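# Fold and geometry: a report
Residue-level listing of the chains:
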There are 4 protein chains.
Amino acid sequence: MIKAGIIGSTGYVGQELTRILLQHPDINLVQTTSHSYIGQNYDQIYENFREIYSGECQEENIEKIADELDVIFLALPHGIASKKITPKILEKTKIIDLGADFRLNSKETYENWYNTEHFSENLLKEAVYGLCELKRNKIKTANLIANPGCYTTCSILSLAPLLKSGIIKDDSIIIDAKSGVSGAGRALNLGVHYNECNESIKAYKLASHRHTPEIEQELSILANKDITITFTPHLVPMNRGILVTAYATLKEKIKYEEISSIYKKFYENEYFIRLTQKEIYPETRWVKGSNFCDIGFTVDERTNRLIVVGAIDNLIKGAAGQAVQNMNLIFGIDEKVGLTTIPIFPA
Amino acid sequence: MIKAGIIGSTGYVGQELTRILLQHPDINLVQTTSHSYIGQNYDQIYENFREIYSGECQEENIEKIADELDVIFLALPHGIASKKITPKILEKTKIIDLGADFRLNSKETYENWYNTEHFSENLLKEAVYGLCELKRNKIKTANLIANPGCYTTCSILSLAPLLKSGIIKDDSIIIDAKSGVSGAGRALNLGVHYNECNESIKAYKLASHRHTPEIEQELSILANKDITITFTPHLVPMNRGILVTAYATLKEKIKYEEISSIYKKFYENEYFIRLTQKEIYPETRWVKGSNFCDIGFTVDERTNRLIVVGAIDNLIKGAAGQAVQNMNLIFGIDEKVGLTTIPIFPA
Amino acid sequence: MIKAGIIGSTGYVGQELTRILLQHPDINLVQTTSHSYIGQNYDQIYENFREIYSGECQEENIEKIADELDVIFLALPHGIASKKITPKILEKTKIIDLGADFRLNSKETYENWYNTEHFSENLLKEAVYGLCELKRNKIKTANLIANPGCYTTCSILSLAPLLKSGIIKDDSIIIDAKSGVSGAGRALNLGVHYNECNESIKAYKLASHRHTPEIEQELSILANKDITITFTPHLVPMNRGILVTAYATLKEKIKYEEISSIYKKFYENEYFIRLTQKEIYPETRWVKGSNFCDIGFTVDERTNRLIVVGAIDNLIKGAAGQAVQNMNLIFGIDEKVGLTTIPIFPA
Amino acid sequence: MIKAGIIGSTGYVGQELTRILLQHPDINLVQTTSHSYIGQNYDQIYENFREIYSGECQEENIEKIADELDVIFLALPHGIASKKITPKILEKTKIIDLGADFRLNSKETYENWYNTEHFSENLLKEAVYGLCELKRNKIKTANLIANPGCYTTCSILSLAPLLKSGIIKDDSIIIDAKSGVSGAGRALNLGVHYNECNESIKAYKLASHRHTPEIEQELSILANKDITITFTPHLVPMNRGILVTAYATLKEKIKYEEISSIYKKFYENEYFIRLTQKEIYPETRWVKGSNFCDIGFTVDERTNRLIVVGAIDNLIKGAAGQAVQNMNLIFGIDEKVGLTTIPIFPA
């Protein structure tokens, strides 16, 4: 059994991770730490765990648990992990960081977008961006995984085959993304007070959301040139789910079927990518509770634009599920183990 | 592997059952039939099954599949099963009926409340009421299971220890129940058109809901005398979940702790029953996606009434999950197999 | 024009009151004060008022504005108004308090249930309980109105004709109430964080909610004897609305039509009370955005219980609307002015 | 008093129109017809009208009521009005058609996109496109108003100043629109069955929605050249509201303030257009229940794109409210009469 711990286990992502790890046949979840709930039993904080997991939340001590555990997951606000993680820790255990600190290759880009100092520039090269479908081989031997953001996972997976194949104009990409409210986390905030977001939709952080450089970095690698995008997130009155509607102009006229072949080939052996049939588009309800990413598209022949739609469960493929997928890869376990739940509907 | 089939697989209950059975390690789901979708692939009807289960929906032929299958689940509107099920079929296979036709022991009561003829009075004695926690031994040897209703499961489990112990006045029981919309099924109906039930709550079928006699029958058995109750269902704008708030007057003053002991003893070894701590009450979110029934209560000392709160996922413990729990019992499988999913939150 | 001010204008109740008063033809809303938003423009706090009302929120100074204004509304947490209001202020202006401080006639009952000191016992006799349909004449000459709570308004109006007529058993009343989330106000709180209450229902404050003694006080006055009730509030995932399902045992068998006559007579000339037809029951959607209270009922003949259902918009008839109805009465304006909006649907 | 009638009064649009007209001081609502509910009282169909309006729904007879009424509103599925309206009717009464039949100037475009025959080509020239802010003068003398669609109203108003000023590239416009469920109407349909759309978001009718040519027609008039756009509608789990997020590339670099001036000047005297402050963006909750259209934008300097956000209440400014605004213009009433309700929040 692999011994695992979670630092920051009482946010929504930490909680989903706890849920998945407790149900994983090869994992012994030894430790759940929390900043806010030290000394409380886990099932008092999240009553879904009643009579299932009542582990006491402990104060974080990464130095100590690095000696004892095979893998440590970090689910923390940005700016903390880059202080905590050291080469010494990475010699002793595997780190899967669900925060943003190690996702961007460039310290400067990080500091610009996150408006905070980065404390471990030396580790940026060592960190592997944990988008499993695109980085599988590197992940297998990584010590430090930067688990991708929720919007980014859905955006990159939806567009990757296009950038790789070079059929779209580089400067034409617009991503209009929509997220359920759990993406905002459990910290109290007027914007996610029930009555403030229920029965309404809004765009937010226009032209300034921090997932933008992360998407650009990975699309640029795929395209082998610098890609700049427009990214607009929206808050949707629902608990879970991300829908990405992405727009790109085709360099030349191409038929649906040809593009479909590109997608099919690109994702040929990917269990967690499900391509929809022609004229069927992903909806968040069909992936809820699962690690799947559904992708579909159409060609707007009148404008020669491609419209790609992607959907994920933001807390699973967009966070905790992908983290476990990364863990499986690192430890040589079948990538799907613990992640084969069929989406739950209606939920 | 046990060979299973579902007749009526494309309603919400049938779909949840399909989902659970496909994930059950001991089951081979051979057949899914449907009245409305004959010839269509299952994942076209429910896209959560994309690339997971694309079995073609077939026309129902219970005579034929009774020869081939070990167990057949029926998820049909009331009044159909009592025509279809015959002693001959029951010689060949196990039947778990998720509808209402075999739940009431009395043909007369059935016909009064359901306002339709019952066609198999002779089978009413053979049918076992499949409330697993209360009828485990009978279920193990049954050929025909009448799987309980959703409101009834939650109501009976919440009140059973009280009736058994005799501490409440017989004529004092009021059950005020609240259900998510999936309880109304997938058939189109103005009452569950999105805008007609979203952002509103209503009581319906006051003093006339068909789950009433079912609750009374089972509470009467527990109390060993005739019990009549008042039952009021409400429609709540959410997908899943049932909350029961039940009221009963105590015969004498009893302390919380004493009643708590009664509950603990009654449900001592029941995995799927989770009793809450004092001053903690069940909420539907904590059982969503699981087969648990959470129960808590308080004593209103000013009025000497007991207020009991119970919560289940209506599609799982209230339907498909309990049906699988019944199946496990019948086939000698550990009762929990396929049903240990930790509730999903926030969902 | 009547000059009005609101102390505590930036909670949900204060905001709804602001909205109603701004649309009232006879009112000049001179002042909106706020504890949390001093110096901010109102339309920055509530953007629905964009280009309609941008008054700067001022620090509260009741002594000063009592000189200038004809009426002051208080929408404050309990325990504050009883400190602020003095006989001197009441000589200078009319006070309509939307909080709890002057609702209970007994200082002792207040202090027991609210667990805090009451600072103006002398004013309790002067205060008039502002349930307009029941206290109209007293309200007209009052200087200090205790505007009723939301649950209480709906509960008392639903049951009043029964208590007055004496057809139910005194000790048989159970009120199972359901509220939308706005009842909990705008203060941040984990319980009303979007993901914590969306898609779930719960009972809370069982046998201990502070609206209980308020309901009992008024029902006792109507019955002319002490009435004790069981009251259970529930939180429903919707923005607005209260539904009350009340149970009471009939002393004797009485037909629906006879009880219907009692209700019709009791509410004969009441514009804001709408009695439903037989077998039609109130739903919160039908009163949303209005000052109406819909009431319907049935007789459960099997148990000889009456089940009464009432529905209001908690922020209007349950708070701000009723406060304006009180104001209209005090100033001799037609009671309906500013309050005749037809309920908005679907909303 | 102006005598008005509604043909098709029992859909959601018809109902909202009924509500607004009943509250309009200059209107006598004489007639409400319905195809599905002939002979039923209006408040039995929509119980929000209980004790307010119980007019019996009558069979439509436009010839007859054209003689009696000053104005007739049509709220019908497309393809019907073009059969019903004749020059003779237009001589006798004013027609405000809330359907699609007279919105497009070109019969051919209509027939292509709506896939049905148009029966009154001769009236297309006479019909005035009733987007009040853009066509006010023509509306005043019109006999036949084609009231704009919901998505179109919000899209055109959001983009009009840009097209007029010529600062954006003609072929760069992408409109990503999000609608509440009431836009789909009251007709039963699996897609808007509660559990099928609650807690999920989807894109639909990609590159094929019928509001596309309507938007293009009006933007082309403003730009004085042919404009082709990409338009993607989404279904959002909420009752009301449309949010438009529109993208366009700037021809040259322009500062926020300069574009802001263009918008301010364009909408200088428009009561129903509310421009948001810098870095504030419209949200549907702030316009709910009102006839306002809120508009805000930002410049994405990295890509030189403009991102414009617009929000309306789809049933009011997107349908019934704008129809009444048109009526006010035609009859020389102040444009705002009956339409000054402050948005209701939280609702």
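Please read these numbers as outputs of a predicted model, since none were measured by experiment. (Residues numbered from 1 in each chain as written. Chains lettered and ligands numbered in written order. Predicted model: local features only at pLDDT ≥ 70, side-chain atom pairs only at ≥ 80, totals over all residues. Heavy atoms only, no water.)

## A look at the overall build of chain A
A count of helices and strands for chain A gives 13 helices and 13 strands. On C-alpha atoms alone, chain A measures out to a radius of gyration of 20 Å, which is about the 20 Å that the 2.2 N^0.38 rule sets for 347 residues. Overall size of chain A, expressed as C-alpha extent along the three principal axes, is 60 × 45 × 40 Å. Sorting the 347 residues of chain A into buried and exposed places 67% on the buried side. (Helix = DSSP H or I, 4+ residues; strand = E, 2+ residues; numbered from the N terminus. Rg over C-alpha atoms; globule rule 2.2 N^0.38 Å. Buried < 20%, exposed > 50% of the residue type's maximum accessible area, 1.4 Å probe, protein only.)

## Things to note about the domain arrangement of chain A
Residue and element names in this part refer to chain A. When the domains of chain A are assigned, the result is domain 1 (2-147 + 316-330) and domain 2 (151-312). Centre-to-centre separation of domain 1 and domain 2, based on C-alpha positions: 25 Å. Buried area between domain 1 and domain 2, both sides added, is near 2,400 Å², and the carbon and sulfur share of it is 55%. Of all residues in domain 1, Tyr 12, Trp 113 and Lys 317 give up the largest surface area on contact with domain 2, accounting jointly for 27% of the area buried on that side. (Domains from an automatic or database assignment. Buried area = accessible area lost by both parts, 1.4 Å probe.)

## Some remarks on the side chain of C:Ser9
All names here are of chain C. Looking at the secondary structure, you find Ser 9 in the loop between β1 (2-7) and α1 (12-22). Overall, the relative accessible area of 0% leaves Ser 9 in the buried class. Dropping the residues within four chain positions of it, Ser 9 is found in contact with Gly 14, Gln 15, Thr 18, Thr 32, Thr 33, Tyr 42 and Cys 57. (Contact = heavy atoms within 4.5 Å.)

## Overview of the pattern of salt bridges
In this structure the tally under the stated criterion is 100 salt bridges over all chains. Across the salt bridge formed by A:Lys178 and D:Asp176, the nearest N and O atoms sit 3.0 Å from each other. Of this pair, A:Lys178 sits in strand β7 (residues 174-179) while D:Asp176 sits in strand β7 (residues 174-179), on two different chains. Assessed through its relative accessible area of 0%, A:Lys178 is described here as buried. On the accessibility criterion, D:Asp176 (0% relative accessible area) is buried. Residue B:Asp67 pairs with B:Lys92 through a salt bridge whose shortest N-O separation is 3.0 Å. Separated by 25 residues along the polypeptide, B:Asp67 in helix α3 (residues 62-68) and B:Lys92 in helix α5 (residues 87-92) bring together distant segments of the chain. When its relative accessible area of 32% is taken as the criterion, B:Lys92 is described as partly exposed. (Salt bridge = Lys/Arg side-chain N within 4 Å of Asp/Glu carboxyl O.)

## Focus: the relation of the copies chain A and chain D
Mapping chain A onto chain D leaves a residual RMSD of 0.0 Å; the transformation is a rotation of 180° accompanied by 0.0 Å of translation along its axis. When the rotation and shift are considered jointly, the pair of chain copies conforms to a two-fold rotation axis. Mapped onto chain D, 100% of the interface residues of chain A again fall at the interface, so both copies present the same surface. (Least-squares fit on C-alpha atoms with pLDDT ≥ 70 in both.)

## Quick notes on the sheet that holds strand β12 (residues 293-300) of chain C
Residues and elements named next belong to chain C. Strand order across the open sheet formed by 7 strands is β8-β9-β7-β10-β13-β12-β11, with mixed pairing between neighbours. This sheet does not close on itself; its edge strands, each paired only once, are β8 (202-203) and β11 (273-275). Of the pairings in the sheet, the one linking β8 to strand β9 (residues 230-235) comprises 2 bridges and is antiparallel in character. Bridge pairing in β9 places Lys 202 opposite Leu 235. Where helix α12 (residues 256-266) meets the sheet, its contacts fall on β11, β12 and β13 (305-312), and the angle it forms with β12 comes to roughly 155°. (Pairing = 2+ DSSP bridges. Axes fitted to C-alpha atoms, helices over the stretch in contact; angles between N-to-C directions.)

## Considering the interface of chain B and chain D
At the junction of the two partners, chain B supplies 21 residues and chain D supplies 21 residues. In this structure, the connection of chain B to chain D is made through 2 salt bridges. One salt bridge in this structure joins B:Arg186 and D:Glu196, with 2.8 Å as the shortest N-O distance. Taken together, chain B and chain D are joined by 16 residue pairs in polar contact (both at pLDDT 80 or more). Tallied by class, the residues present in the side of chain B that touches chain D amount to 11 nonpolar, 7 polar and 3 charged. (Polar contact = N/O pair within 3.5 Å; in protein donor to acceptor, adjacent residues only side chain to side chain. Nonpolar A, V, L, I, M, F, W, Y, C, P; charged D, E, K, R; others polar.)

## Describing the interface of chain A and chain D
Accessible area lost during the coming together of the parts is what is often quoted as the interface size. Opposite the 47 residues of chain A that make contact, chain D presents 47 residues. Summed over both sides, the interface between chain A and chain D buries roughly 4,100 Å², with carbon and sulfur atoms accounting for 56% of that surface. Considering only the surface of chain A that becomes buried against chain D, A:Glu199, A:Ile201 and A:Arg302 emerge as the three largest contributors, covering 17% of it. Here chain A and chain D share 32 residue pairs in polar contact (both at pLDDT 80 or more) between them. Counting only elements with at least two residues in the side of chain A that touches chain D, the list comes to β7, α10 (194-197), β8 (202-203), α11 (212-223), β9 (230-235), β10 (242-249), β12 (293-300) and β13 (305-312) of chain A. Of the residues forming the side of chain A that touches chain D, the biggest block, 4 residues, is contributed by β7(A).

## As for the nonpolar core
Core analysis: the biggest nonpolar cluster contains 108 residues, and A:Leu17, A:Leu21, A:Phe73, D:Leu17, D:Leu21 and D:Phe73 have the highest contact counts within it. Once residues lying within four places of it in the same chain are set aside, the contact partners of A:Leu17 are A:Ile6, A:Phe73, A:Leu98, A:Ala320, A:Ala323 and A:Val324. Core analysis: the next-biggest nonpolar cluster, separate from the first, contains 107 residues, B:Phe49, B:Tyr53, B:Phe272 and C:Ile307 among them. (Core = buried A, V, L, I, M, F, W, Y, C linked by side-chain atoms within 4.5 Å.)

## Side note on α1(C)
Taking burial as the measure, the 11 residues of α1(C) include 9 buried ones, the bulk of the element. All of the buried residues along α1(C) are C:Tyr12, C:Gly14, C:Gln15, C:Glu16, C:Leu17, C:Thr18, C:Arg19, C:Ile20 and C:Leu21. Where α1(C) is buried, its residues contact α10 of chain A together with β1, β2 (27-33), α2 (42-45), β3 (71-74) and α13 (316-330) of chain C.

## What to know about the pairing of strand β7 (residues 174-179) of chain C
All names here are of chain C. The buried count for β7 comes to 6 of 6 residues, which makes it a mostly enclosed element. Residues Ile 174, Asp 176 and Lys 178 line one face of β7 and the alternating positions Ile 175, Ala 177 and Ser 179 line the opposite face, and both faces are buried. Relative to β9, β7 is paired through 6 bridges, and the arrangement is parallel. Opposite Ala 177, over in β9, you have Pro 233 as the bridge partner. When β7 meets strand β10 (residues 242-249), the two strands line up antiparallel, connected through 6 bridges. What sits directly across from Lys 178, in β10, is Leu 243.

## Quick look at the sheet that holds strand β4 (residues 94-97) of chain A
Residues and elements named next belong to chain A. Spatial ordering of the open sheet is given by β2-β1-β3-β4-β6-β5, a layout of 6 strands whose pairing is parallel. Looking at strand neighbours, the two that pair on one side only are β2 (27-33) and β5 (128-129), the edges of this open sheet. Where strand β1 (residues 2-7) lies against β2, 6 bridges are found, and the strand directions are parallel. From the neighbouring strand, Ile 2 faces β2, where its bridge partner is Ile 27.

## Side note on the relation of the copies chain B and chain D
Superposition of chain B onto chain D requires a rotation of 180° combined with a translation of 0.0 Å along the rotation axis, giving an RMSD of 0.0 Å. When the interface residues of chain B are mapped onto chain D, 100% of them again fall at the interface, so both copies present the same face.

## Things to note about unusual backbone geometry
Following A:Phe345, the chain continues to A:Pro346 via a peptide bond in cis, the omega torsion being -15°. Within the secondary structure, A:Pro346 sits in the segment after α13 (316-330). One non-glycine residue, C:Asn304, lies in the positive phi region at around 60°. Note on placement: C:Asn304 falls in the loop between β12 and β13. For D:Asn224, which is not a glycine, the phi torsion comes out positive at approximately 60°. You can see D:Asn224 is positioned in the loop between α11 (212-223) and β9 (230-235). Judged by its relative accessible area of 71%, D:Asn224 falls in the exposed class.

## Some points on the packing of aromatic side chains
All names here are of chain A. In total, this model carries 58 aromatic pairs over all chains according to the counting rule given. Ring geometry for Tyr 110 against Tyr 114: centres 4.8 Å apart, planes inclined by 15°, an arrangement best described as stacked. Here Tyr 110 pairs with Tyr 114, and both are found in helix α6 (residues 107-114), just 4 residues apart, close to one helical turn. Of the residues examined, Tyr 114 reaches a relative accessible area of 5% and is grouped as buried. The ring of Phe 292 is capped by Arg 274, whose NZ or CZ atom sits 4.2 Å from the centre of that ring. (Phe/Tyr/Trp six-rings, centres within 6.5 Å; stacked < 30°, edge-to-face > 60°. Lys NZ or Arg CZ within 6 Å of the ring centre and 35° of its normal.)

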